[in-house]
Amino acid sequence: MKEGHPDYHFVTVVMTDGTEYQTRSTYGAEGDKLVLDIDSKSHPAWTGGDGKMLDRGGRVSRFKDKFKGFM
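None of the values given here were measured: they were computed from a predicted structure. (Residues numbered from 1 in each chain as written. Predicted model: local features only at pLDDT ≥ 70, side-chain atom pairs only at ≥ 80, totals over all residues. Heavy atoms only, no water.)

### Description of the side chain of Ser-25
Point 1. Take Ser-25: it is sitting in strand E2 (residues 20-25).
Point 2. Given a relative accessible area of 17%, Ser-25 falls into the buried group.
Point 3. A distance of 2.9 Å separates the side chain of Ser-25 from the backbone nitrogen of Tyr-27, its partner in a polar contact.
Point 4. Excluding residues that lie within four positions of it along the chain, Ser-25 makes contacts with Asp-7, Tyr-8, His-9 and Val-11. (Helix = DSSP H or I, 4+ residues; strand = E, 2+ residues; numbered from the N terminus. Buried < 20%, exposed > 50% of the residue type's maximum accessible area, 1.4 Å probe, protein only. Polar contact = N/O pair within 3.5 Å; in protein donor to acceptor, adjacent residues only side chain to side chain. Contact = heavy atoms within 4.5 Å.)

Listed below in structure tokens is the structure:
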């Protein structure tokens, strides 16, 4: 019979500023390092920084043009 629980083990998480902490995870193997590209110290959603909307392929411009007279 298959076991229903994943294998939890300790991994080291490396934040964007270089600080590290250990936590239990199913990621990788015992002792692996999980290096984050984005975390709560750098992402504007948590830091309150200025969020900029990227206009990829004119989608935002088309949306604004389509609904500019609405309301």
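### Digging into the packing of aromatic side chains
Point 1. The final tally for this structure, using the stated rule, is 2 aromatic pairs.
Point 2. Between Phe-63 and Phe-67, the aromatic rings sit 4.9 Å apart at their centres with planes inclined by 50°, giving tilted as the arrangement.
Point 3. Aromatic pair Phe-67 and Phe-70: ring centres 6.3 Å apart, planes at 75°, arrangement edge-to-face.
Point 4. For Phe-67, a relative accessible area of 37% corresponds to the partly exposed category.
Point 5. Residue class for Phe-70 comes out exposed when judged on its relative accessible area of 60%.
Point 6. Site record: aromatic cluster; members linked through ring pairs are Phe-63, Phe-67 and Phe-70. (Phe/Tyr/Trp six-rings, centres within 6.5 Å; stacked < 30°, edge-to-face > 60°.)

### Notes on the environment of Glu-20
Point 1. Among the secondary structure elements, Glu-20 is positioned in strand E2.
Point 2. For Glu-20, a relative accessible area of 47% puts it in the partly exposed group.
Point 3. Put simply, Glu-20 and Lys-33 are 13 residues apart on the chain and 9.2 Å apart in space, counted from C-alpha to C-alpha.
Point 4. When sequence neighbours within four positions are dropped, the list of residues in contact with Glu-20 reads Thr-12, Val-13, Val-14 and Lys-33.
Point 5. A polar atom in the side chain of Glu-20 sits 3.1 Å from the side chain of Lys-33.

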